[in-house]
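# Structure assessment
Listed here are the chains, written in short residue letters.
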Amino acid sequence: MALNLNCPICGPRSGYEFRFGGEDKGPRPAEEGATTALWLAYAHLNRNVAGVQREWWCHKDGCGTWFRVCRDTVTNCEVPTVDTL
Amino acid sequence: MERLKHLPTLRIAARQPITLRFNGRTLAGCAGDTVATLLYGSGERIFGRSLKYHRPRGLYSLDGECSNAMMTIDGMPNLNAELTPAREGMRVEPQNVMGSLKWDLLGGLDHLAFAMPAGFFYKTLHKPSWLWPRAVKGIRRAAGLGVLHPEARFDQRCDAIYPNVDVCVVGGGPAGLSAALAAAEEGLRVALLEARPRLGGFCDYRVRADAQGKPLHQWAAALADQVRARDNIRVFTDAPVVGAYPDGRVAAFQRGGPEDAFDLRYIEITAAGAVVATGCIERPLLFAHNDRPGVMQMGCAHRLLHTYGIRPAADAVFSVAHDLGLEAAIDLHDQGVTVHCVADARTDGQDPLLIAALEQRGIPLRRGWVAHTAHGRSRLRAVTLGTPAGTFRQRIACELLVASAGLTPLTGLVTMAGGQVKYDPRTGFFLPVRLPPNMQACGRLRGLHDPAALAADGTLAGLRAAEGLGCRPQRKIAAAEAALAAAPGAPRGSKWLAAPGKGAKTFICFDEDGTLKHLHQAMAQGFDVPELIKRFTAIGTGPGQGGIPGHNLPLLVAAGQASPASDPMPTTVRPPLVAAPIAAYAGGRHDMAKRTPMHDAQVAAGGRMERVGEWFRARRFGTDPGAAAEIMAVRTNVGLLDASTLGKFRVFGPDALKALQRVYVGDMARTRPFRTTYAAMCNEDGCVIDDGVVIRTGDNDFYITTSTGRAAQTVEWFRYHTRYDGWDYHIVNLTDAHGVINIAGPNARKVLEAMTADDVANTAFPFAACRDLTLAGGIPARAMRLGFVGELSYELHVPASCMETAWRMAEAAGAPFGIAPFGLEAQNTLRMEKGHVILGSESEQRTVLHDLGLGFLWCRTKPEAKTVGALALRDTADQPGRLKLVGFKMETPGDGPPRDGSPVVNGRIRGYVCTARHSHALGEPVGMALVEEELARGGTRLGIYEDGCGGRLRYGTVAPMPFYDPEGTRMRI
Ligand SMILES: [Zn+2]
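The numbers attached to residues start from 1 for each chain and follow its sequence in the written order. Naming scheme: in the order in which they are written, chains are lettered from A and ligands are numbered from 1. Note on the predicted model: pLDDT of at least 70 is required for a residue's local features to be given, and 80 or more for side-chain atom pairs to be given and counted; whole-chain, interface and lining totals, by contrast, use all residues. Only heavy atoms go into the side-chain values, all of them from the structure, while hydrogens and water stay out.

If you look chain A up in an unreviewed UniProt entry, it shows as Sarcosine oxidase subunit delta from Desulfatitalea alkaliphila.

By definition of the ideal shapes, four donors in a tetrahedron about a metal sit 109.5 degrees apart, and six donors in an octahedron sit 90 or 180 degrees apart. All names here are of chain A. Only N, O and S atoms count as donors, using a 2.8 Å cut-off from the metal and 3.2 Å for Na, K and Ca, and because water is excluded some sites may appear unfinished. Listed as protein donors to the zinc ion are C7 (SG), C10 (SG), H59 (ND1) and C63 (SG); their distances from the metal cover 2.0 to 2.3 Å. Between 85 and 135 degrees for all angles marks four donors as tetrahedral; over 155 degrees for opposite donors together with 65 to 115 for all other angles marks four donors as square planar and six as octahedral; every other arrangement is irregular. One can describe the site at the zinc ion as tetrahedral: its four donor atoms subtend angles covering 103 to 119 degrees at the metal. Mapped onto the polypeptide sequence, the residues donating to the zinc ion form the spacing pattern C-x2-C-x48-H-x3-C. Each residue is placed in one exposure class: buried if its accessible area under a 1.4 Å probe, protein chains only, is under 20% of its type's maximum, exposed if it is over 50%, and partly exposed if it falls in between. Overall, the relative accessible area of 4% leaves C7 in the buried class.

Here we take up the packing of helix α17 (residues 628–636) of chain B against helix α22 (residues 824–833) of chain B. Residue and element names in this part refer to chain B. Packing of α17 against α22 brings their axes to within 8 Å, and their N-to-C directions diverge by 50 degrees. It follows from the interaxial angle that α17 and α22 lie oblique. For the element pair α17 and α22, the recorded crossing hand is right-handed. Contacts between α17 and α22 involve E630, I631, V634 and R635 from the first element and A826, T829, L830 and E833 from the second. Three classes are used: nonpolar for Ala, Val, Leu, Ile, Met, Phe, Trp, Tyr, Cys and Pro, charged for Asp, Glu, Lys and Arg, and polar for all others, with Gly counted as polar. Split into classes, the residues belonging to the contact of α17 with α22 amount to four nonpolar, one polar and three charged. Comment: axis = line fitted to C-alpha atoms, over the contacting stretch for helices; angle = value between 0 and 180 degrees taken between N-to-C directions. Put simply, DSSP marks the helices as runs of H or I at least four residues long and the strands as runs of E at least two long, and each gets a number from the N terminus on. Oblique is the label for every angle not falling under 35 degrees (roughly parallel), over 145 degrees (roughly antiparallel), or within 65 to 115 degrees (roughly perpendicular). By convention the crossing between two helices is left-handed if the near helix lies anticlockwise of the far one by an angle smaller than a right angle, and right-handed if it lies clockwise. Between two residues, a contact is recorded if the distance between any of their heavy atoms is within 4.5 Å.

On to the nonpolar core, then. Burial of nonpolar side chains together is a common tendency in soluble globular proteins. Residue and element names in this part refer to chain B. Core analysis: the biggest nonpolar cluster contains 98 residues, and L20, F318 and V342 have the highest contact counts within it. With nine residues, the single largest contributor to this core is helix α10 (residues 451–468). Leave out the neighbours within four places in its chain, and F318 touches G325, A328, A329, L332, V339, C341, V342, A343, L401 and V402. Residues A113, W369, A374 and F507 belong to the second largest nonpolar core, which totals 31 residues. Residues grouped as a nonpolar core are buried Ala, Val, Leu, Ile, Met, Phe, Trp, Tyr and Cys residues, joined through side-chain atoms within 4.5 Å.

The next thing to look at is empty space enclosed by the protein. Residues and elements named next belong to chain B. A cavity here means a set of 1 Å grid points, computed over protein atoms only, where a 1.4 Å probe fits but cannot escape. A pocket is an open set with protein on both sides within 12 Å along at least 5 of 7 lines, and lining residues have an atom within 4 Å of a point. Grid points are joined across faces, edges and corners, and a volume is the space filled by probe spheres set on the points. The tally for this structure, following the rule as stated, stands at five cavities of 30 Å³ or more. Put simply, the largest cavity is a space of about 100 Å³. Along its surface, the largest cavity is lined by 13 residues, and R49, S50, S67, N68 and L145 are the ones closest to its centre. Looking at the lining of the largest cavity residue by residue, the classes come out as four nonpolar, six polar and three charged. One number sums up the size of the second largest cavity: a volume of about 70 Å³. Taken together, R196, R198, L199, G200, G201, D204, Y205, R303 and T307 make up the lining of the second largest cavity.

Every regular strand shows the same layout, with side chains that alternate between the two sheet faces. Residue and element names in this part refer to chain B. Burial of strand β14 (residues 264–276) is extensive: 12 of the 13 residues sit out of reach of the surface. Relative to β14, strand β8 (residues 158–161) runs parallel, the two sharing four bridges. Looking at the pairing, I161 lines up with I267 of β14. Bridge count for strand β9 (residues 164–170) against β14 is six bridges, and the pairing is parallel. Counterpart to N164 in the pairing with β14 is T270. Each pair of strands is called paired provided DSSP finds at least two bridges between the two strands.

Once that is clear, we can look at the side chain of N637 of chain B. Residue and element names in this part refer to chain B. For N637, the position within the fold is in the loop between α17 and β32 (639–642). For the purposes of these results, a polar contact is taken to be a pair of N or O atoms within 3.5 Å, where, inside protein, one atom must be able to donate a hydrogen and its partner to accept one; residues adjacent in sequence count only when each atom of the pair is a side-chain atom. For N637, the side chain forms a polar contact with the side chain of N747, separated by 2.8 Å. A polar contact is formed between the side chain of N637 and the backbone oxygen of F817, at a distance of 2.6 Å.

Okay, the interface of chain A and chain B next. Taken together, the contact pairs 36 residues of chain A with 26 residues of chain B. Between chain A and chain B lies a buried interface of about 2,600 Å² when both sides are counted; carbon and sulfur atoms form 51% of it. Any carboxyl oxygen of Asp or Glu within 4 Å of a side-chain nitrogen of Lys or Arg constitutes a salt bridge here. Taken together, chain A and chain B are joined by two salt bridges. Residues R28 of chain A and E684 of chain B are paired through a salt bridge, measuring 2.8 Å at the closest nitrogen-oxygen approach. At the surface where chain A touches chain B, the tally comes to 17 residue pairs in polar contact (both at pLDDT 80 or more). For the side of chain A that touches chain B, the elements supplying multiple residues, two or more each, are β3 (19–23), α1 (36–44), β4 (52–58) and β5 (66–72) of chain A. By buried area we mean the combined loss of accessible area, with a 1.4 Å probe, across both parts when two parts are placed together.

Looking now at the packing of aromatic side chains. Two rings belonging to Phe, Tyr or Trp (six-membered ring only in the last case) form a pair when the distance between their centres is within 6.5 Å. Interplanar angles under 30 degrees mark stacking, angles over 60 mark edge-to-face geometry, and anything in between is tilted. Enumeration over the complete set of coordinates arrives at 13 aromatic pairs over all chains. Between Y53 of chain B and F507 of chain B, the ring centres sit 6.5 Å apart and the planes meet at 65 degrees, which makes this aromatic pair edge-to-face. Placement of Y53 of chain B in the loop between β3 (48–49) and β4 (56–57) and of F507 of chain B in strand β28 (residues 507–509) is noted, with a sequence separation of 454 residues between them. For the pair shown, Y53 of chain B and F507 of chain B are each scored as buried. On the numbers, 5.5 Å between centres and 65 degrees between planes, the contact of Y423 of chain B with F430 of chain B is edge-to-face. You'll find Y423 of chain B and F430 of chain B in the same group, each marked buried. An aromatic cluster is present here, built from Y16 of chain A together with Y162, Y266 and Y585 of chain B joined pairwise through their rings. Just above the ring of F507 of chain B sits the side chain of R57 of chain B; from NZ or CZ to the centre is 5.0 Å. Two conditions define a charge sitting above a ring: the NZ of Lys or the CZ of Arg must be within 6 Å of the ring centre, and it must be within 35 degrees of the ring normal. Taking the ring centre of Y964 of chain B as reference, the NZ or CZ of R635 of chain B above it sits at 3.8 Å.

Attention shifts here to the sheet that holds strand β19 (residues 365–367) of chain B. Paired through their backbone hydrogen bonds, the strands of a sheet run either parallel or antiparallel. All names here are of chain B. Pairing in this open sheet of five strands is parallel, and the strands run β16-β23-β17-β18-β19 from one edge to the other. Single-partner strands in this sheet number two, and they are β16 (295–296) and β19. Examined bridge by bridge, strand β17 (residues 315–320) and strand β23 (residues 400–403) share four bridges and lie parallel to one another. In the strand pairing of β23, F318 is matched with V402.

In this section: the pairing of strand β43 (residues 883–890) of chain B. All names here are of chain B. Within β43, six of the eight residues are buried, which leaves the element mostly enclosed by the surrounding structure. Looking at chain direction, β43 and strand β46 (residues 924–932) are connected through seven bridges and run antiparallel. Its bridge partner lying in β46, K889 is registered against V926. One ladder, built from four bridges, connects β43 with strand β48 (residues 954–959); its direction is antiparallel. Each bridged residue has a counterpart across the sheet, and for M890 the counterpart in β48 is G956.

Bringing the sheet that holds strand β6 (residues 77–79) of chain A into the picture now. Strand order in this open sheet of four strands is β3-β4-β5-β6 (chain A), and the pairing throughout is antiparallel. Here the strands that pair on one side only, and so sit at the sheet edges, are β3 and β6 of chain A. On average, each strand axis in the sheet is inclined to that of its neighbour by 50 degrees, with strand direction left out of account. In the packing of helix α19 (residues 714–721) of chain B onto the sheet, contacts are made with β3, β4 and β5 of chain A, and the angle to β5 of chain A comes to roughly 75 degrees.

Residues and elements named next belong to chain B. Note that the residue after P575, namely P576, is joined by a cis bond; omega there is 0 degrees. As for its position among the elements, P576 is in the loop between α14 (552–559) and α15 (582–586). For the bond running from M961 to P962, omega is -5 degrees, close enough to zero to count as cis. Within the chain, A768 stands out as a residue other than glycine whose phi angle is a positive 75 degrees. For A768, the position within the fold is in the loop between α20 (748–753) and β39 (770–775). Positive phi is not limited to glycine here, since K866 has a value of about 50 degrees. Its place among the elements puts K866 in the loop between α22 and α23 (870–876).

Here the focus is helix α11 (residues 474–486) of chain B. Given a helix with a known number of residues, its expected span is that number minus one, times 1.5 Å. In this model α11 of chain B runs 18 Å from its N-terminal to its C-terminal C-alpha over 13 residues, within 8% of the 18 Å that 1.5 Å per residue would give. Where α11 of chain B is buried, its residues touch α10 of chain B.

What follows is the structure in structure tokens.
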């Protein structure tokens with residue numbers, strides 16, 4: 001609870017309007033030649049960092065867009081985008 | 001007991017009597033009473049029995065800081081009588097009582113206290129191992145709080161609101177009121193939360209004059225009036241805060257009265273700035289038998305008198321350590337209570353005006369003295385006062401001992417939101433030293449006490465909050481700073497901890513019966529951190545949320561440390577700050593169901609409506625639970641189904657096909673213009689999540705349908721799985737924009753022919769085709785020939801606004817055949833006879849496409865699409881040990897179909913029945929089941945366990961599907 005997010009289209013909104021879409025793991029791996037292990041890692045393994053991570057959110061009760069934000073998982077607050085992640 | 005009538009601070013309506021039942025007797029009070037004050041005013045002194053030792057407990061505070069006043073009220077256990085407004089006819093029962101309040105059968109446990117040392121629950125009775133489960137039963141019965149009866153039902157009106165404000169002020173005392181006013185005057189929107197029913201805080205009940213000679217209660221009331229007069233301050237009283245969170249969220253819950261639209265309301269405020277002005281609670285005075293009924297805090301005695309008009313006793317002794325205690329003694333004396341003596345733990349530092357007032361009244365003041373022991377069993381008879389070391393002692397008979405070691409600031413919100421507190425030796429308080437961004441703290445929370453200082457500090461906090469939001473009140477800030485500097489600063493606090501002795505009956509924690517001795521035992525065993533001692537001794541873990549021991553525990557631990565230099569460390573405060581009913585968090589039950597355009601028409605036609613996901617749909621028409629007539633009409637004649645709840649979407653744009661290839665497991669490149677393609681979506685694990693049809697309606701333009709349950713998530717799903725690709729396509733949800741009429745049965749074409757001039761002959765509009773038709777009156781309809789129920793059938797998608805006209809038209813066109821609507825029950829049987837699945841009925845979380853025999857829907861040759869679930873489908877294609885969907889018939893058809901969900905038991909549970917119905921077409925029951933692969937071969941005997949079968953299995957045999965019209969000729973006619 002207690003999260004506010006900045007939707008790139010709608011601006012700052014209550015976290016309840018959004019759906020979490022997981023960590024930003026990059027584009028889907030190529031299907032050809034993909035092993036089961038690689039696939040499971042992409043679909044299910046998370047880094048679960050205690051600190052700043054980049055992640056996906058959907059403004060489900062608003063404009064419906066998926067976007068990336070950086071959030072500090074320790075304070076549960078959005079932080080300015082960090083490029084080095 | 002007669003109430004005092006003419007006090008200016010009274011907050012009761014003495015002329016509005018209220019009666020309630022307590023312990024089988026009728027007691028009277030008046031409007032404005034809490035249950036606790038009504039009981040006390042009626043002469044009740046024992047409120048309950050303590051958790052472990054069954055000691056009698058009475059009224060101690062008035063703000064629900066301990067479990068003493070926890071009672072079962074109208075069947076609801078563990079309500080704090082101090083916080084529950086008295087209402088006419090309430091049934092109130094004390095808790096944890098064996099026998100009667102006065103003669104508790106387990107009262108003798110008190111004498112066995114030596115056998116229950118600190119950590120007792122962790123260490124004792126665990127060996128031999130058989131003992132513990134039995135012991136635990138006995139302990140549970142003897143200890144504990146109220147009992148919730150399984151049949152109890154509570155008709156509470158719950159609600160939830162989520163206000164958005166600029167500044168949220170917590171605390172409606174002088175500082176909080178001043179802060180709210182200051183921020184509001186800057187034009188900001190302010191929310192003010194107060195836990196008590198009234199604004200005014202600790203000035204609401206005080207008659208002492210401020211520097212201008214105005215009684216404090218009047219001064220506070222004037223502030224409150226100013227706040228209430230402001231349009232941009234929203235005031236919530238009776239609203240204790242449960243938590244504050246780092247990004248400006250404050251959560252509270254509010255108790256409503258009969259005049260409110262709710263009994264409980266969850267309030268979650270999003271604020272750009274917060275001001276914490278929560279003030280102080282009292283620090284309990286520690287001495288032997290400090291928990292006896294008749295011992296209470298200074299604020300409790302003072303408020304009983306001034307707010308509720310109750311003289312707490314005929315005579316009293318005070319052992320206090322704060323000027324508020326001296327003030328209470330003077331006020332009690334002035335209202336006719338004999339005050340024998342006031343012991344003040346402080347040797348100096350008292351307000352000279354108060355000392356003069358005591359002298360004037362002939363009340364002896366013993367500086368540096370404290371209470372050592374309270375005497376009496378079920379209620380207080382006398383008290384022994386003395387010097388700290390006990391060199392001089394005096395025993396005084398009295399009915400009431402007002403005992404308090406001073407104050408404790410309520411800093412929980414500050415630390416919870418990420419701020420920091422530090423022990424301040426001068427005040428003896430944990431004071432905020434670092435505040436979270438956008439949070440201000442003010443008032444007694446910062447150690448201040450003088451009214452002028454509180455007002456200036458509150459104003460300053462409100463202005464600073466405004467400044468943080470872009471206002472520029474610099475001149476006002478300077479003025480407030482000057483006013484604060486001119487006002488008296490934080491007074492010195494008392495260092496007094498506890499009377500000497502072992503402390504076996506000196507209670508640090510009332511909730512858990514935790515004593516000073518327990519604390520010493522824990523420290524002797526090596527525990528040296530309050531946080532750990534709290535867990536080992538359970539001190540501070542009770543329903544009072546640490547209100548009583550919260551401050552004494554860290555001070556005592558620090559005093560007992562080898563290194564006296566170490567600062568006291570407070571225990572971590574976590575939400576909820578006060579015991580909050582779960583129902584408050586759950587909020588209201590707002591049913592947000594949707595109705596199709598044909599809802600009322602179906603109800604008028606006898607439709608039994610039920611919830612399907614977010615929709616209301618007709619289960620059946622008429623009284624037959626099996627809907628036989630509806631089924632037969634579709635098989636032999638024609639029926640009408642409202643299928644408007646289907647998910648309907650337009651997907652278009654240059655990259656639309658790529659998006660479809662990503663989420664559908666089939667090859668969407670093979671879709672042909674205006675041909676329906678049955679297609680499925682899987683999740684990353686290959687589990688089927690949706691099925692529907694895909695129709696290519698133009699270049700880069702598609703119309704798709706989804707199941708009712710997936711309609712809400714489909715847009716999100718498409719966008720999620722294409723989020724990295726930046727593709728140029730759009731998806732539009734048309735679910736609510738289009739209604740769907742399904743005309744099904746051998747006579748369906750004749751009905752449609754009467755509705756449109758377009759050619760709908762089998763040659764012009766064959767099976768699996770899609771046509772854009774124009775119905776009579778110019779209604780556009782996208783029509784599809786699908787075979788879900790296994791007969792000739794047309795699905796007409798029409799604009800929702802035209803839905804009723806089209807439906808009436810179909811009814812008129814079908815009238816010569818006796819067309820009638822059919823519902824979900826009929827559809828369910830019809831499609832099951834055809835072996836068609838409904839996801840959720842014939843699948844569960846783990847069911848992959850292959851398990852349903854739908855593996856052919858998956859296209860292996862489009863890896864470039866990176867299809868969601870494709871790799872999992874590859875890995876599960878021949879995976880052993882999966883549940884497979886099979887059809888089955890019953891060995892004794894006359895017994896009817898087994899119930900849906902019945903387990904399949906062949907030696908052990910090896911699957912379950914998904915759907916089973918009597919087939920009118922076949923004249924016997926048929927069904928579908930998910931079973932282990934070894935049982936999926938045709939002819940395998942399935943044992944079916946039905947609820948209430950008494951262990952006698954019923955038997956079915958795996959049979960080929962579809963059961964009805966396996967060649968599929970009937971839907972192609
Ligand atoms: Zn948005």
